[in-house]
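Listed below are the residues making up each chain.
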Amino acid sequence: MRFKINLSELTDSLLKGMLRFPLAFLCAFTAMVYGNLLIDLRGEEVESRIPLMISLGLGISLFTGLGLSAFRKPPLQSLLIQLIGLPILVLCYYLLDGVPEEIQVGRTFILGLLFHLYVSLAVSRKNQSQELFWQANQALLLRLLNTAFYSIVLYGGLALAMSAIDLLFGVDFNRSYARLYIFILFVFNTWFFLSGLKEEEEVHFPKGLRVFTQFVLIPLVLIYFLILYAYAGKIVIEWSWPIGWVSNLILGFSITGILAYLLVFPISDNADNRLMRLTGRGIFIALVPLVIMMALAVLRRINDYGITEERYYISNLTAWLAFISIFYGFLRSRNIKLIPLSLALIALINVVGPLSGVSVSKRNQMARLVLALEENGLMEKDQWKAMPEKKLSEEEYKRIEGPLIYLLNRQHYTLLNSILPEGVKTDEMMEKHGSYSNARQILGKMLSDEHQFNETQWQSFSFRRKGKGIQPPQGNYAAFFHINGNFYNDKNKLEYAGMTFEFQHKGQNLMVKVNEEQLEINLVDQVLKSMNLERSQLKAFDNEFSESQAWINLKNEHYEIPILLEDFNFNTEDGELVITNLEYYVWVKKLN
């Protein structure tokens, strides 16, 4: 009987959550279905669809915030408010689609932060006290932690059960692990989190939270404090510039310190708790000299190498930390809503509009390139003119090469083509080279002979198998593995069914070792032979090979090892092709 009640409660909570956050659940279910479709795809087929997948994930947070904003509104009015998020989601997809990976990752992080901050602000009600706002966000945090804990336990338990069935009964779940992960990530997470959200009506400060903050978080803040102030003292004594990565340490200290302040906010002014009281205001005062040091480190990097998206984001965070430090440290404000509100504003500025990280970085790097060209007499009527007799020093060359590589890497081809002469078009070159090689080729055409780029010095070739799915070879095989290596000297050592297996690719060779017996093949020669190609016929990117060409068979008197190639890359090093990335499926059969 008890089981029936629990099941009824679960169903009821699911239905209530779907009625309250219909578009969030729609994004979750759509992301699950779409994610399962992506599992069966590979390579560029997956990469081209990632923006939609990310947008659906972002939509869960966005529509959750809109649903919270519409709390206690009539159902139709609530739905209309949530529909406001649809054009925003379309804009997110536009911002993520067709951009380089570096830009896509940065925008995804900022948009995710922006929407999560919006959820934090959406629980605020008119004339609500700061304490109740804190309580609502504490409930959100605890709900999020509970959701993560249940999800991890559920996935771990089910994945372990599937592994046991596979081991005991030989049932191959193959991609079922990924499908289970996608279901829990989108559907279970969304349902569990949203079904338990409710409006907080009183402030409750858990004893466990006090213990965690007082004995874990605050000591961490003090450790960061001592390390960074010791480093600041070293800078003053040696009168040297702070190194670039110190910004990451200061950000870590700042985030931990602000989190500690927010967690103890309701009791931070309690006269009976001096440590909590000092921690509150003292954290922000202590941040001031560290923010100055962070600003110096960022300015040094920008002065040397120009603005990139990452440096722009850190610059804005530095300005935000300075504002927060003064506002809470010296003005003694207790308006904690300002923290997520101001940070959300910074995130919004960073991701869209003329002041976004991408726009500002593009303009800055282009300006640096033009300035370097002008100082070397290489600009004429807003065009980069070729000067074969011009020999640049190493420093002058790097000043031109740096921003050029950056602009190529971010695919700002139109901007570069506006200053390049006819016959030197970057978008055409990128079909054959990467950003570094393309930059070298442009510099070789526009500068002196000493900078000429030889295509045979460095090239990269990528290959992928046509078709979908895996058709195992016929026969009884003792082991099956999926190997994915991304290093120049990759080595995987595995044990299965009482045997030891080693898989390694080095140079041009693929080696498989079973117990003490090693089988080896020259993969480069084998691939070119199976595709009936000469090296000069290879394209730099997206060489496709058929199912029949993807099979390689290693065999000796004791073992037969069929290998199905999936994706791999070759680079040229000193004129020789070398394996840099290799993904394949391998079966092992004992012959006697």
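Residues numbered from 1 in each chain as written. Predicted model: local features only at pLDDT ≥ 70, side-chain atom pairs only at ≥ 80, totals over all residues. Heavy atoms only, no water.

1. Looking at the overall build of the protein chain
Along its length, the protein chain carries 20 helices and 12 strands. The burial tally for the protein chain puts 46% of its 592 residues in the buried class. Here the protein chain has roughly 31200 Å² of accessible surface; of this, 60% comes from carbon and sulfur atoms. (Helix = DSSP H or I, 4+ residues; strand = E, 2+ residues; numbered from the N terminus. Buried < 20%, exposed > 50% of the residue type's maximum accessible area, 1.4 Å probe, protein only. Areas by Shrake-Rupley, 256 points an atom, 1.4 Å probe, with all protein chains shown as cover.)

2. A closer look at helix H16 (residues 394-409)
The terminal C-alpha atoms of H16, which comprises 16 residues, lie 22 Å apart, in line with the 22 Å expected from a rise of 1.5 Å per residue. For H16, every residue scored as buried is listed here: Tyr397, Ile400, Glu401, Pro403, Leu404, Tyr406, Leu407 and Leu408. Looking at the residues trailing H16, positive phi occurs at glutamine 411, about 60°. (Expected span 1.5 Å × (residues − 1).)

3. Brief notes about the packing of helix H6 (residues 85-96) against helix H7 (residues 101-122)
Where H6 contacts H7, the two axes come as close as 9 Å, and the packing angle between them is 155°. When the interaxial angle is binned, H6 and H7 end up roughly antiparallel. When H6 is examined against H7, the residues Ile88, Cys92, Leu95 and Leu96 are found in contact with a partner set consisting of Gln104, Arg107, Thr108, Leu111 and Phe115. (Axes fitted to C-alpha atoms, helices over the stretch in contact; angles between N-to-C directions. Parallel < 35°, antiparallel > 145°, perpendicular 65-115°, else oblique. Contact = heavy atoms within 4.5 Å.)

4. As for the pattern of salt bridges
By the definition in use, this model includes eight salt bridges. Arginine 410 is paired through a salt bridge with glutamate 309; the nearest N and O atoms lie 3.0 Å apart. Taken together, the positions of arginine 410 in the loop between H16 and helix H17 (413-417) and glutamate 309 in helix H13 (residues 309-329) put the pair 101 residues apart, joining distant regions of the chain. Lysine 398 is paired through a salt bridge with glutamate 401; the nearest N and O atoms lie 3.4 Å apart. Here lysine 398 pairs with glutamate 401, and both are found in helix H16, just three residues apart, close to one helical turn. (Salt bridge = Lys/Arg side-chain N within 4 Å of Asp/Glu carboxyl O.)

5. A short note on unusual backbone geometry
At aspartate 382, a position not held by glycine, the phi torsion is positive, near 60°. Inspection of the secondary structure puts aspartate 382 in the loop between strand S1 (379-380) and strand S2 (383-384).

6. Some words on the confidence of the model for the protein chain
Averaged over all residues, the pLDDT of the protein chain is 83; the fraction at 70 or higher stands at 87%. Taken element by element, the protein chain is modelled with least confidence in helix H18 (residues 426-429), mean pLDDT 58, and with most confidence in H6, mean pLDDT 96. Here residues 1-5 scores under 50 on pLDDT; set against residues more than four positions off or in separate chains, the count is zero contacts. (pLDDT = per-residue confidence, 0-100.)

7. Concerning the pairing of strand S7 (residues 509-514)
As judged from the six bridges shared by strand S6 (residues 499-506) and S7, these two strands associate in the antiparallel manner. Residue pairing in the sheet places phenylalanine 503 in a bridge with valine 512 of S7. In terms of strand pairing, S7 meets strand S8 (residues 517-522) through six bridges, oriented antiparallel. Bridging from a neighbouring strand, asparagine 509 pairs with asparagine 522 of S8. If you look at the hairpin formed by S7 and S8, you'll find two residues sitting between the two strands, and asparagine 515 has a positive phi there, around 55°. (Pairing = 2+ DSSP bridges.)

8. Details of the environment of phenylalanine 545
You can see phenylalanine 545 is positioned in strand S9 (residues 543-545). For the pair formed by phenylalanine 545 and glutamate 566, sequence separation is 21 residues and the distance between their alpha carbons is 9.4 Å. Among residues more than four places away in sequence, those in contact with phenylalanine 545 are Phe463, Arg464, Arg465, Lys466, Met531, Ala550, Leu565, Glu566 and Phe568.

9. Let's talk about the packing of aromatic side chains
In total, this model carries 15 aromatic pairs according to the counting rule given. A ring pair is formed by tryptophan 551 and tryptophan 587, whose centres lie 5.5 Å apart and whose planes are at 35°; its orientation type is tilted. Placement of the pair is tryptophan 551 in strand S10 (residues 551-555) and tryptophan 587 in strand S12 (residues 576-590), with a sequence separation of 36 residues. For tryptophan 551, a relative accessible area of 26% puts it in the partly exposed group. Positioned over the ring face of phenylalanine 192 is arginine 143, at 4.7 Å from the centre of the ring. (Phe/Tyr/Trp six-rings, centres within 6.5 Å; stacked < 30°, edge-to-face > 60°. Lys NZ or Arg CZ within 6 Å of the ring centre and 35° of its normal.)

10. Overview of the side chain of glutamine 104
Relative to the helices and strands, glutamine 104 is located in helix H7. A residue is classified by how much of its surface remains accessible, and glutamine 104, at 13% relative accessible area, is buried.

11. Remarks on helix H20 (residues 523-530)
For H20, the full list of buried residues reads Leu523, Val524, Val527 and Leu528. In an axial view of H20, the angular spread of the buried residues amounts to 125°, which keeps them on one side of the axis. Two residues or fewer after H20 comes asparagine 532, characterised by a positive phi angle close to 55°. (Arc of directions from axis to C-beta.)

12. Some words on the side chain of glutamine 508
Residue position: glutamine 508 is located in the loop between S6 and S7. Assessed through its relative accessible area of 18%, glutamine 508 is described here as buried. Within the structure, the side chain of glutamine 508 is placed 3.1 Å from the side chain of asparagine 522, a separation counted as a polar contact. The residues touching glutamine 508, leaving out its near neighbours within four places in the chain, are Ile521, Asn522, Leu523, Val524, Asp525, Glu576, Leu577 and Ile579. (Polar contact = N/O pair within 3.5 Å; in protein donor to acceptor, adjacent residues only side chain to side chain.)

13. So, a nonpolar patch on the surface
A cluster of nonpolar residues, Val211, Phe212, Phe215, Val216, Leu220, Ile223 and Ile227, forms a patch on the protein surface that exposes about 630 Å² of accessible area. Of note, isoleucine 223 is situated in helix H10 (residues 207-238). Looking at isoleucine 223, the relative accessible area reads 46%, which means it is partly exposed. (Patch = residues over 30% accessible without salt bridge, like charges linked within 9 Å, V, L, I, M, F, W, Y side chains within 5 Å.)

14. Here's the deal with the environment of glycine 35
Considering the arrangement of structural elements, one finds glycine 35 in helix H2 (residues 22-39). Taking the C-alpha atoms as reference points, glycine 35 and phenylalanine 183, 148 residues apart in sequence, are found 8.9 Å from one another. Setting aside its immediate chain neighbours within four residues, glycine 35 contacts Met53 and Ile182.

15. Focus: the packing of H13 against helix H15 (residues 357-375)
Put simply, H13 and H15 touch, their axes get as near as 9 Å, and they point 120° apart. The angle between the axes of H13 and H15 places the two elements in the oblique class. Of the two elements, H13 crosses H15, and the hand of that crossing is right-handed. From H13, Glu309, Tyr312 and Tyr313 reach across to H15, where they touch Gly357, Val358, Val360 and Ser361. Its residues placed into classes, the contact of H13 with H15 shows four nonpolar, two polar and one charged. (Left-handed = near helix turned anticlockwise from the far one by under 90°. Nonpolar A, V, L, I, M, F, W, Y, C, P; charged D, E, K, R; others polar.)

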